[in-house]
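Residues per chain, in single letters:
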Amino acid sequence: MFQEKRPERLVDLNGSRLDGRKLDQLRQIKLEVGILDKADGSAYVEQGKNRILVAVYGPREAHPKHIALPDRAVVRCRYHMAPFSTEERKSPAPSRREMELSKVIREALEPAILSENYPRTTIDIFIEVLQSDGGSRCAAITGASLALADAGIPMKSLVSACAVGKIGSQIALDLSDLEDKYGEADMPVALMPSFNKITLVQMDGSLMLEEFAKALDMAVDSCKQIHEMQKTALKGKYLLIKEEVEEEGSERSGE
Amino acid sequence: MELNLERKQLVAPGEIVAEGGYFAGDNVYRENDKIFASRLGLVEVVGNRVYVVPIKGCYVPYVDDPVIGRIVDVGMSGWSVDINAPYPALLPASETFGHRQPFPKADLTKIFDVGDLVLAKVIAFDRTRDPLITVKGPELGKATSGRIVKISPTKIPRLIGRKGSMISTLKKQTGCQIMVGQNGIVLVSGKSSEDERVAVSAIYMIEREAHTRGLTDRIQEMIRKELGGREFVSGKAS
Amino acid sequence: MSSTPQRSPMARIEQRTVVDMISRGKRIDERSSTDYRDLKIEVGVIEKANGSAQVFLGKTRVMVGVKVETGDPFPDTPNEGILTVNAELVPLASPSFEPGPPDENSIELARVVDRGLRESKAIDLEQLCVDAGKKVFVVFVDVYILDHDGNLIDASAIASLAALLNTRIRNYEIKDGEVIYKPGYTPLPIKNRPITVTLAKIGNSLVVDPCLEEEQVMSARLTAAIEDSGGVCAMQKGGMEGLTIEELKAAVQIASKKANEIREKILEAAR
């Protein structure tokens, strides 16, 4: 129906990509924390054209009771895409891809959550992709860490995620949808930055071993960059309030 | 032995707070030789104990905590109570005054029914079972009037203030009776709905600005602006 | 199968506060009985959709995306395009929403929004015919609840209308029975702008745009969809109690009066 044309080149002779980025450049990222009223914790991520909302509820009573674990919280994760999030409308019913992503995202976050603190409860993570443009599982993990921290769930560390790939025979950072579709490899990675521990890695395509090593290093570096942005976003709201009110106060008392 | 961050500095989960011979208190954990924050909050040091005062977190029951809860179910020998914790609380019939076992169920609903609000105290809680609460005690029992305010349980200490300073200010300036549950639920009962409205606003303001300085002054000023600077001497012990 | 819902998660004295205050002419958020909460409407928020809108009604937040695709017409209306409305009460929006297929609440929500649009003939479906009897445009309106603080029906209807006003279809031509897209866009043909107004009955009073606490104590609810002319094109009564005849008439009167105010705001935002 919608005739998409295969782009001639994904990378031009100057090393510029279709959207003008360099090979080792991230798309523009915007992170907001605590933007939903009802959820215990929430975050909103924009990365390129991705628009992802994450909410966390918990720890809360396990329903139904039989799924509860006696010595730790059960972490549940649902990755779901809105029907209007993709070029062609997607049926709202969960697809096999969404189910796989729900699992790998949960496994990316579990190592960071101190779930032994809340036995017999559930910690629920709900990810809604409002618009998707490649790398959404990484953006979702980045957002989910923020939402968990915003909910006050105790964590060993935040988890930061980013994908690397190969386009035009070169290793490139943070592939867009088009680049993933017509590129030669895509590898999403999630990291606990304080410990250099990798909690998610998937790959499809073809990479020589040296290419893989280079790609992994690039991914880890980006994850650390994204980690700094996460910390800024988390603290931002409270530092802003502090500035607002402490400044007001000092003005009034004539300091 | 080294403290990486200053006192009252805002810290995110996974950030290193201290290294070496410090002890790990609340909301931090130790790995090898380092102490990491596990929650977003403000760093605190008391002696050589390091901990974090969290911005947000769910309510974890502690023995002797006053709590305000809502009856959600009536059982054979007690009631199931929602105390805003990840675990439902159990109020055994034996923990009410003036009744002897066994209790026919009909009797229990006469004491507390689904939807009633109770002022209670935690008497037991551990990792293997749900919290136990009691309504035997002065000022405990069914709440019959007032407005409910729900705030993050982590802000309750700030609402109470050092030696109760903040909460007494609130009570004196608004003339309202204010019962504070450690579980983040507050019951406000005033002579007029205007007094109650201002008390409720003040409580939300404290929640929002708990991590800042000069809060007590700003609260006092806000209430003065709204209600005109009256002061009430409460006849009851707070 | 539909069953009596669970009890309200509000303590009795909380419920009494809401009801008592309303009987004295005040609502818990200081509004009058005919005031809507703060309404903020943004359009074009999802570029991949043909049209989209995000609405904040108080703390309630709803996003609607419109996708227009080609499909077969219904056999009894070979010359008309198709409108279909779907709503998701996703679990992120409220502790009371569970993951799973649409339940009776999300289906009722979708069908009430649909009814307002369909009965008022808001979209000129005949203009959506591509190849009579063979191919038509299908307009998918997907309502996504993001934060539930009451009155999802009105918030969803406002977002749906704003998204439809924001919707553009790619220009096309037919070659050998296939739809080939050309550069340029045409706005969706909109003939009527229905507005739903929902009132809740609390005690003996009717209040417009109930917030979540008010919904949890209301005895009944009435939604009326008002078209450009000021007349009613759809109605839905909800809740466990009944309305008197006078109450019903009064509710529809109030709805008719409020609709214009809301319509102005949507038109302003969709400009």
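Calculation rules
Residues numbered from 1 in each chain as written. Chains lettered and ligands numbered in written order. Predicted model: local features only at pLDDT ≥ 70, side-chain atom pairs only at ≥ 80, totals over all residues. Helix = DSSP H or I, 4+ residues; strand = E, 2+ residues; numbered from the N terminus. Rg over C-alpha atoms; globule rule 2.2 N^0.38 Å. Buried ≥ 20, exposed ≤ 12 C-beta atoms within 10 Å, placed from the backbone. Contact = placed C-beta atoms within 7 Å. Nonpolar A, V, L, I, M, F, W, Y, C, P; charged D, E, K, R; others polar. Domains from an automatic or database assignment. Pairing = 2+ DSSP bridges. Axes fitted to C-alpha atoms, helices over the stretch in contact; angles between N-to-C directions. Core = buried A, V, L, I, M, F, W, Y, C linked by C-beta atoms within 7 Å. Parallel < 35°, antiparallel > 145°, perpendicular 65-115°, else oblique. Left-handed = near helix turned anticlockwise from the far one by under 90°. Expected span 1.5 Å × (residues − 1).

Asker: What is the right way to look at the overall build of chain A in this model?
Answerer: Regarding its fold elements, chain A presents 4 helices and 10 strands. Taken over C-alpha atoms, the radius of gyration comes to 20 Å for chain A, in line with the 18 Å a tight globule of 255 residues would show. Taking the principal axes of its C-alpha atoms as reference, chain A extends roughly 60 × 60 × 40 Å. The buried share of chain A, taken over its 255 residues, is 51%. Of the contacts formed within chain A by residues at least 6 apart in sequence, a portion of 69% connects residues at least 24 apart.

Asker: Hey, could you run me through the interface of chain C and chain B in this one?
Answerer: For an interface, size is often stated in terms of accessible area lost upon the parts coming together. Taken residue by residue, the interface counts 6 residues in chain C and 11 residues in chain B. Its residues assigned to classes, the side of chain C that touches chain B shows 2 nonpolar, 1 polar and 3 charged.

Asker: Looking at this structure, I do not really get the interface of chain A and chain B. What am I missing?
Answerer: Chain A puts 27 residues into the contact, and the matching count from chain B is 28 residues. Breaking the side of chain A that touches chain B down by element, the ones donating at least two residues are strand E3 (50-61), helix H2 (136-150) and helix H4 (209-252) of chain A. In terms of residue class, the side of chain A that touches chain B is built from 14 nonpolar, 5 polar and 8 charged.

Asker: Explain the domain arrangement of chain B to me, please; I cannot follow it from the model alone.
Answerer: Its domain assignment divides chain B into domain 1 (2-54), domain 2 (66-143) and domain 3 (147-227). On a C-alpha basis, the centroid separation for the pair domain 1 of chain B and domain 3 of chain B is 29 Å.

Asker: Looking at this structure, how should I read the sheet that holds strand E15 (residues 147-150) of chain B?
Answerer: Within a sheet, adjacent strands bond to each other through the backbone by hydrogen bonds, running parallel or antiparallel. Residues and elements named next belong to chain B. With respect to topology, 3 strands assemble into an open sheet ordered E15-E17-E16, the strand pairing being antiparallel. The open sheet is flanked by E15 and strand E16 (177-180), the only strands paired with a single partner. Across the sheet, the mean angle separating the axes of adjacent strands is 20° when strand polarity is ignored. Pairing geometry for E15 and strand E17 (residues 185-189), over 4 bridges, is antiparallel. When the sheet's bridge partners are listed, Ile148 is paired in E17 with Leu187.

Asker: Honestly, the nonpolar core in this entry has me stumped. Any pointers?
Answerer: Core analysis: the largest hydrophobic core is formed by 162 residues, its most contacted members being Val143 and Ala162 of chain C. Ranked by residue count, the leading element in this core is helix H3 (residues 152-165) of chain C, at 11 residues. Contacts of Val143 of chain C, omitting those with residues within four sequence positions, involve Val62, Val64, Val85, Asn86, Ala87, Leu109, Ala110, Val113, Ser156, Ala159 and Ser160 of chain C. Ile111, Phe112, Leu159 and Ile219 of chain B belong to the second-largest nonpolar core, a separate cluster that totals 46 residues.

Asker: What exactly am I supposed to notice about the packing of helix H1 (residues 96-109) of chain A against H2 of chain A here?
Answerer: All names here are of chain A. Across the interface, H1 lies against H2 with an axial gap of 10 Å and an inter-helix angle of 50°. Here H1 lies oblique to H2, going by the angle between them. Classified by chirality, the crossing of H2 by H1 is right-handed. Contacts between H1 and H2 involve Leu101, Ile105, Ala108 and Leu109 from the former and Arg137, Ala140, Ile141, Ala144, Ser145 and Leu148 from the latter. Of the residues in the contact of H1 with H2, the class split is 8 nonpolar, 1 polar and 1 charged.

Asker: I tried to follow the sheet that holds strand E12 (residues 232-238) of chain C on my own but got confused; where do I start?
Answerer: Residues and elements named next belong to chain C. Strand order across the open sheet formed by 4 strands is E10-E9-E11-E12, with antiparallel pairing between neighbours. Across the chains shown, the open sheet's two edge strands, defined by having one partner strand only, are strand E10 (205-208) and E12. Adjacent strand axes in the sheet meet at a mean angle of 20° when their direction is disregarded. Bridge count between strand E9 (residues 195-202) and strand E11 (residues 220-226): 7 bridges; the pairing is antiparallel.

Asker: What is the right way to read H2 of chain A from this model?
Answerer: Residue and element names in this part refer to chain A. The end-to-end C-alpha separation of H2 is 20 Å, in line with the 21 Å expected for 15 residues at 1.5 Å each. Across the 15 residues that make up H2, a large majority, 15, are buried. Phi turns positive, to about 80°, at Gly152, one or two residues after H2.

Asker: How should I be thinking about the environment of Leu83 of chain C in this particular structure?
Answerer: Along the chain, the position of Leu83 of chain C falls in strand E4 (residues 82-88). Between the alpha carbons of Leu83 of chain C and Pro189 of chain C there is a distance of 12 Å; along the sequence they are 106 residues apart.

Asker: Hey, could you run me through the pairing of strand E8 (residues 185-192) of chain A in this one?
Answerer: The side chains of a regular strand alternate between the sheet's two faces. Residues and elements named next belong to chain A. Of all the 8 residues making up E8, 8 are buried; the element is thus mostly covered by neighbouring parts of the structure. Burial of E8 is two-sided: the residues Ala185, Met187, Val189 and Leu191 facing one way and the residues Asp186, Pro188, Ala190 and Met192 facing the other way are all buried. Pairing geometry for strand E6 (residues 160-167) and E8, over 7 bridges, is antiparallel. Bridged to Gly165 within E8 is Asp186. As defined by bridge partners, E8 adjoins strand E10 (residues 204-205) across 2 bridges and the pair is classed as antiparallel. Its bridge partner lying in E10, Ala185 is registered against Gly205. Taken together, the 4 bridges between E8 and strand E9 (residues 197-201) define a ladder with antiparallel strand orientation. By the bridge assignment, Leu191 is partnered in E9 with Ile198. Connecting E8 to the next strand, E9, in antiparallel fashion are 4 residues, including Asn196 with a positive phi near 50°.

Asker: Help me understand the environment of Tyr172 of chain C in this model?
Answerer: All names here are of chain C. The topology assignment puts Tyr172 in strand E7 (residues 168-175). What makes Tyr172 partly exposed here is the crowd of 16 C-beta atoms within 10 Å. Spatially, the C-alpha atoms of Tyr172 and Tyr185 are 8.9 Å apart, while their sequence positions differ by 13 residues. Excluding its chain neighbours within four sequence positions, the residues that come into contact with Tyr172 are Val179, Ile180, Tyr181 and Lys182.

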